[in-house]
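Architecture and fold: a report
Letter by letter, the chains look like this.
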Amino acid sequence: MLLQIVKRDVLRNKIITGGLFIFIMLSSLLVASASHIIMELTGSLNQLLAASKAPHFVQMHAGTLDDSALKRFVSENPLVQDQQTVEMLTVDGSNVYLGNPEKSEAASVMDIGFVKQNQNFDLLLNLDNQVITVSRGEIAVPIYYKGQKQLNIGDKVNVTSGSFTREFVIVDFVRDVQMNPAIVSSKRFVVNEADYTALRGKLGEVEYLIEFQLKDSSKLTEFRNSYQSAGLPDKGPTIDYPLFKTLNALTDGIIALVIILVSLLLMVIAILCLRFTMIASMEEDYREIGVMKAIGLPRQDIRRIYMAKYIILAALASCCGYGLSLFTARLFTANISLYLGAAPKGLLQHIVPLLAVSLSFGIVVLFCRLILRRFNRITAIEALRSGTAGVGRTHTSSFTLSNRKWLPVNGFLGLKDVYSRFSMFGVLLLVVVICLFMIIMPVNLLNTLRSPHFISYMGVGQSTIRIDLQQSGDTARRFEQMLTTLKKDPDIKKLSPLITSRFKVLGSDDIWENINVETGDFSIFPLSYIEGGAPEGGSAIALSDLNAKELNKRVGDTLLIKAGGKERQLTVSGIYQDITNGGRTAKAQLPYDPKTVMWYVVAVDVQPEIPVAGKIEELAGAFYPAKITYLDSYLAQTLGNTVKQLRMVTILAITISISIAVLITSLFLKMLLAKDSTQITILRSIGFTVADIRRQYLARTLLIAGLGSLLGILTAGTIGQSLVYVLGSFLGASRIQLEVDPVLAYLILPVSLMLVVAVTTIGSTGSIHKSGFTNKIAD
C-alpha cells in the first residue's frame, strides 16, 4: 500500500521529486568523492612513506663536512636508529636539457640535483613504488617533469658544460618522499654511481643531506634541539617527517576540503528544498489529512505515509550518488595516483565513503521527521472546515497602493507580497546566498593562487627577478662582484641584497636553537605583515608566523640571539607569513659571520621598458651558475598543479550552483503558482493581464535574488575569508588574504545569477497561460 501511495505521489509531482532526487544525489556524490580522496590520499601517502623508508629529520648542508663529529654524535645519541649522509650534485638548469635538446632548464625555478640511489632509507621509488635501479647511461626523472614537460620513457636527458656532454635515456620516473610536491623547488634525478662520479668531476656543486631515522618519532623536537646544540653541519634548511606529510598532502587536501564544503552547502539546499516541498505537499493534502484523522487513523500511520516517500527517495538518491562517486572520484584521485601511487584498496577505503553517504541520508530522514511534527498541530475539524493551512502571519498594514509613490503597480504588488510572506520567500533567499557563495568562494581562491601577490606568503618581497647564490668556497666574492655589476646596469630600476645566516636563539624551553635570519634593507621590497612592521636598526627582529608561535612571541616581546660573538636582546617588530623553509624564518639587520652564511639573494626590479625574459637570459649568462628566477614563473611552476585542479573544482561548483538556482527557482514558482491560483484568478477578474501578473512574479524573484546576491557577497568576504585563514594556518600563513577581482566578484557573477533567476522566472510563469485561471472566473 505504501509503495502505491509513494508511486502516485511521485507521478503527481514529477518535477519536485526529480529536483529533490538530484540535490540529495549530488550531495551524496560529492561527500563520497571527498571521502574517497581523503582515504586514497591517506593510504597512498602512508604507503609512500613506508616504502621509501622516509627519514624523520634531514639537515641540508652546503660546504665542508665534519664526518667524524657526525659519527660521534650518532654513537652518543640514544634517539638515533639509523643515519646516512647523502651527496646531491646540484647542477645549474642551463646545463640540463630535458627531452628537447634545444631548450635548457635555465628558466626553471627548480634546483636540479643528481644523486645515486640510497642504501638504507630515503629510498627513491618508481611508478610501482619499487626501489629504482639504473644502469650506466640511464636516468630516472622526477615525476614532476612527467606532467610539466610531457616526458616519456625513452626520452633523452642531456647534461652539458663546455666541451663535456653526457646523454641519458629516461628509464623511470622518481617518486621522492622529500621532493615530490611541485611546491618544493628542489628535484632529485637518479643516475648510476659511475655516471654520478663522471658528472661530479665536471660540473655542479655538492650539497649534503644529513638524514636520520629515530627510534621514536614522537621525540623529534628533542632530537632537533640536541642536533642544533651540538655544533654539527647546518648550512642549509632543516626538514622533518611532519613537513613531508604536509607538503605531499597539500594539493589534494585543499581540493578535498573545497569539495566537502560544496557538498555541505548542497546538503543545506537539499534540506531547504525538502522543507518547502513537504509543507506544500501537506497543504495540498490538508483536507485529506483531516479525513484520515476524522476516521481514527493514528498519527504515526499518517506520518509513515509521508515519510515513506522521502525515505525511499533519499535512499535511492544516496545509493546513486555513492555509485557515481566510484567513477567520478578517479578524476580527483588521478593526481594522487601519479605522485604518491595507488595504495591497495582496504575495507576501510570503501566503508568510510559509505558511512559519509549514510550520514547524509540520516540527516535527510531526521529533518523529515522534524518537519512532520507539524501534524501535531492539525485538527480534523479545522482541516475539514477550511481545507487549507493558511498562509501564516502577514505584514501588510503599511503597504497600500496609495503609498506606492514612484513604484509601478506590478513592482509594488510584488514587493508587498515578498514582505507579507517573507518567511516563505526566505527559502529562495537562502538558496541564492548559498549558490553565490559556492560560485564566489572558489573563484576568489583561484584568483588568490594565481595572483602575483601570493609570492608575499613565501616570505619575500614582490620583486620582478630573484637571484640566488648558494654557499660555496668563493660565493662571498661572487656576490660582491654581482652587486657591483648590477648597480652599474642601467636596466636595473632597484635592487635589494639579502643575506641569510644561521644564528642561535633561546627557545621557549630555555634551549639554544638554530634560527635562519635574513639580513638586508626590507624597505626596498616590503613584505605584508600580520602584525607590526619591518625591523629597523640592530635591536629589532621580524619573525615568521610559525616561528613566532613556536617561540611564543608577539610584537613587542623580546628574545635572545647570539650574534657577532655575543648575546643580543632583540624586540619583535613584526610577524609575517612564510610557507618556505618549513615556515621558520626571521628578518633582522644583524652583523653576520661569512662562515655562517647559508645563501645570498638579490631581489631586482628592471626598468618598465626592459623585456624581463631577455634580461633573465642575460643575467643567467653573466652570473653563472647563479639561479635566476622570474617570480611570476615561480608561482606558475610550483602551484600550477594545484591551480589546475582547483580550476576544475571551480567549474564544477559554478555549474552546480547555476543548476541549483534554475531548479529551486522553478520548483519554488511551481509551488507558489499552485498556492496563488485563487489570487491570480481574482487579479485577472479585475483587469490585470497575464503579462502584468508575470511581471509581479518577476519583481518578487528579482528582489529576492538581489538581496541574496548582496548577502552572498558579504558571506563570501567574511565566512569565506575565515575558512582561508584556517586553511593557511596549516602552512605557516594564517592570514592569507583572498585576492578579489571586484568587477568579477561584485558585478559579473551576482548579475549573472540574477539573470539566471530572471530567465527561469519568465519560463516558469509561462504556465499561467495554460493554467486555466481564466476559466475559473467563469466557474
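Let us look at the structure shown here. Just so it is clear, the model here is predicted, and its values are computed rather than measured.

Some details on the side chain of Lys-587
- One can find Lys-587 in strand E18 (residues 586–588).
- Here Glu-518 takes part through its side chain, which lies 2.5 Å from a polar atom of the side chain of Lys-587.

So, the pattern of salt bridges
- Summed over all chains, the structure comprises 17 salt bridges.
- Across the pair Lys-615 and Asp-489 runs a salt bridge whose closest N-O atoms are separated by 2.6 Å. Placement of Lys-615 in helix H16 (residues 612–622) and of Asp-489 in the loop between helix H14 (475–488) and strand E12 (492–506) is noted, with a sequence separation of 126 residues between them. Across the pair, Asp-489 and Lys-615 agree in class, each one buried.
- A salt bridge links Asp-491 to Lys-615, with the nearest nitrogen and oxygen atoms 3.1 Å apart. Taken together, the residues span a long stretch of sequence, with Asp-491 in the loop between H14 and E12 and Lys-615 in helix H16 at a distance of 124 residues.
- Several salt bridges converge on common partners, so that one network encompasses Asp-489, Asp-491, Lys-615 and Glu-618.

Regarding the packing of aromatic side chains
- A complete count under the given rule lists 15 aromatic pairs for this structure.
- Between Phe-223 and Tyr-227 the ring centres are 6.5 Å apart and the planes differ by 40 degrees, which places this aromatic pair in the tilted class. Separated by four residues within a single helix, Phe-223 and Tyr-227 lie in helix H6 (residues 220–228), roughly one turn from each other.
- Note on Phe-223: relative accessible area 0%, which makes it buried.
- Through a chain of ring-to-ring contacts, the aromatic side chains of Phe-57, Phe-73, Phe-212, Phe-223 and Tyr-227 assemble into a single cluster.
- Geometry around Tyr-144 places Lys-187 over its ring, the cationic atom sitting 5.3 Å from the centre.
- In this structure, Arg-700 is placed above the aromatic ring of Tyr-697, and the distance from its NZ or CZ to the ring centre is 4.2 Å.

Procedures and definitions
- Residues numbered from 1 in each chain as written.
- Predicted model: local features only at pLDDT ≥ 70, side-chain atom pairs only at ≥ 80, totals over all residues.
- Heavy atoms only, no water.
- Helix = DSSP H or I, 4+ residues; strand = E, 2+ residues; numbered from the N terminus.
- Polar contact = N/O pair within 3.5 Å; in protein donor to acceptor, adjacent residues only side chain to side chain.
- Salt bridge = Lys/Arg side-chain N within 4 Å of Asp/Glu carboxyl O.
- Buried < 20%, exposed > 50% of the residue type's maximum accessible area, 1.4 Å probe, protein only.
- Phe/Tyr/Trp six-rings, centres within 6.5 Å; stacked < 30°, edge-to-face > 60°.
- Lys NZ or Arg CZ within 6 Å of the ring centre and 35° of its normal.

Worth remembering: the numbers are spatial, not functional.
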